[in-house]
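# Structure at a glance
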Amino acid sequence: PRLAFGVVADIQFADAEDGYDFGGCRRRYYRHSLRLLREAVRAWAGESPPIDFVLQLGDIIDGQNARRGEAESALQQVLDVLGQLSVPVHHAWGNHELYNFSRARLVQTGLYSRAAAGSAGPVDRECHAYHCSPAPRLRLVVLDTYDASTLGTEPGSLRYQESLRVLREKNPNDDLNSPEGTSGLKEPHFVAFNGGFSQAQLDWFDEVLKFSDENQEKVIVMAHVPLHPSASNGVCLAWNFEAALSVIHAHRCVVCVLAGHLHDGAYCRDCHGVHHLTLEGVIETPPDSNAFATVYVYEDKMVLKGKGRIPDRVMHF
C-alpha cells in the first residue's frame, strides 16, 4: 500500500453509567467507549508498516458532559488516549462537539486540527474545513458539516439566524430535533442535530478539487454527517447534501467520502463511482466488541480492515 490510516467514529465518551439513545431503545456504553478507543490505539500503534494518520469522524465526547460540567475533562481524557499515537489525528466536528463547546472555544482545543494545515482552509477561521496532502498525488479534505447550524453559535449571530430560518422553513415542529412532523417531513434531514455548508465553504471545496483534478490527485473526503442518502437512513444527512455532491461530481478526483453520525453505519457507491462509507459508532458498540478500522490505500483501491462491528471492505477506484 501507498499508505495506511486509522478511522473511528462517534466515541461519545462520558464518565457515566450506560444509557440509551433519545428513542430509549438503543444502549449507549459511555464509559466503555474510552476503553474501546484504547484498544484501537494499541492496534494502530502495532501496525507494521506504521499507519500514517488517524481520522476521527466526530462526536468524540457525549453532549451530557456539558450538563455535568465535565466537557473539558472528558475531552482531555480522549485526547490523551489519541495522543499516545505518534501520527497526526484529523478531527471532524460533530453535533456533540457543539453541544459541549462554542465554535470559538473549539478553535482553542486539540480538536482544531485545521491549525496544523495553516492557511489551507476557508477564510472563516471558525469553519473547521481544510485540506492536506499526506502522500504524493493523494489529498485529504476535511469538511465542516455544521458550518451552517444553530449549534455552537450565539443566537444573535448571522450564522445562527440564517440557520434557524432554514430549519423553520423546512421543519414545522416545535422540537426542531424531531424529523416526524404531523404528516411526516418531506425532507426529514432538516433537523437541528444535522447541519450544512455555507456557500463560502462549497466554493472553497470546489477550488480544492479543481486543483486536485489539474494535478491528477486522488481525494479522500471526511465529514461528520453523511453526504449521500444511500449512505444514510434518510435523517442523518447534511442539510444541503445535494450542493456538496454537485461539487464532488463536477470533478474526477474524489474516490471516497468517510462519515459518522449514523451509529449503524452504511455504504453505497454512487453513480459517479464515488464510495460513501458511514462508519459504525463506538458509543453503541457492546464492551465485548469494537468499532474501528485500518484503511490501506493502493494505486487502484482502498482496502478497509474492520474490527468488531465494522466489516472488511474493498473499494476500487
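Presented here is a report on the structure given in the accompanying data block. (Residues numbered from 1 in each chain as written. Predicted model: local features only at pLDDT ≥ 70, side-chain atom pairs only at ≥ 80, totals over all residues. Heavy atoms only, no water.)

## Focus: the sheet that holds strand S5 (residues 89-91)
The strand order S5-S4-S1-S12-S13-S14 describes an open sheet built from six strands, whose pairing is mixed. With one partner strand each, in any of the chains shown, S5 and strand S14 (313-316) form the two edges of the open sheet. Neighbour to neighbour, the strand axes of the sheet diverge by 20° on average, direction disregarded. Alignment of strand S4 (residues 53-56) against S5, held across three bridges, turns out to be parallel. Residue pairing for S5: Leu-55 is matched across the bridge by His-90. Packing of helix H1 (residues 32-45) onto the sheet brings it into contact with strand S1 (3-8), S4 and strand S12 (291-297), and relative to S12 it is tilted by some 25°. (Pairing = 2+ DSSP bridges. Helix = DSSP H or I, 4+ residues; strand = E, 2+ residues; numbered from the N terminus. Axes fitted to C-alpha atoms, helices over the stretch in contact; angles between N-to-C directions. Contact = heavy atoms within 4.5 Å.)

## A word on the packing of helix H8 (residues 199-214) against helix H9 (residues 241-249)
Close contact between H8 and H9 brings their axes to 9 Å; oriented N to C, the two are set at 20°. Overall, the two elements H8 and H9 adopt an arrangement that is roughly parallel. Note on packing geometry: the crossing formed by H8 with H9 is right-handed. Touching Leu-202, Phe-205, Asp-206 and Leu-209 of H8 are Ala-243, Ala-244, Val-247 and Ile-248, all from H9. A class-by-class count of the residues in the contact of H8 with H9 yields seven nonpolar, no polar and one charged. (Parallel < 35°, antiparallel > 145°, perpendicular 65-115°, else oblique. Left-handed = near helix turned anticlockwise from the far one by under 90°. Nonpolar A, V, L, I, M, F, W, Y, C, P; charged D, E, K, R; others polar.)

## Things to note about the packing of aromatic side chains
Throughout the structure, instances matching the rule amount to four aromatic pairs. Measuring from ring centre to ring centre gives 4.9 Å for Phe-5 and Phe-53, while their planes differ by 10°; the resulting arrangement is stacked. Here Phe-5 is found in strand S1, whereas its partner Phe-53 is found in strand S4, with 48 residues between them in sequence. The exposure classification of Phe-5 matches that of Phe-53, with both residues buried. For the ring pair Phe-190 and Trp-239, a centre distance of 6.1 Å and an interplane angle of 25° mean the geometry is stacked. Taken as a pair, Phe-190 in the loop between helix H7 (158-170) and H8 and Trp-239 in the loop between strand S8 (218-222) and H9 lie far apart in primary sequence, 49 residues in all. Of the two residues examined, Phe-190 and Trp-239, each falls in the buried class. We note Lys-301 situated over the ring of Tyr-298; from NZ or CZ to the ring centre the distance is 4.6 Å. The aromatic ring of Tyr-267 is capped on one face by Arg-313, whose charged end is 4.2 Å from the ring centroid. (Phe/Tyr/Trp six-rings, centres within 6.5 Å; stacked < 30°, edge-to-face > 60°. Buried < 20%, exposed > 50% of the residue type's maximum accessible area, 1.4 Å probe, protein only. Lys NZ or Arg CZ within 6 Å of the ring centre and 35° of its normal.)

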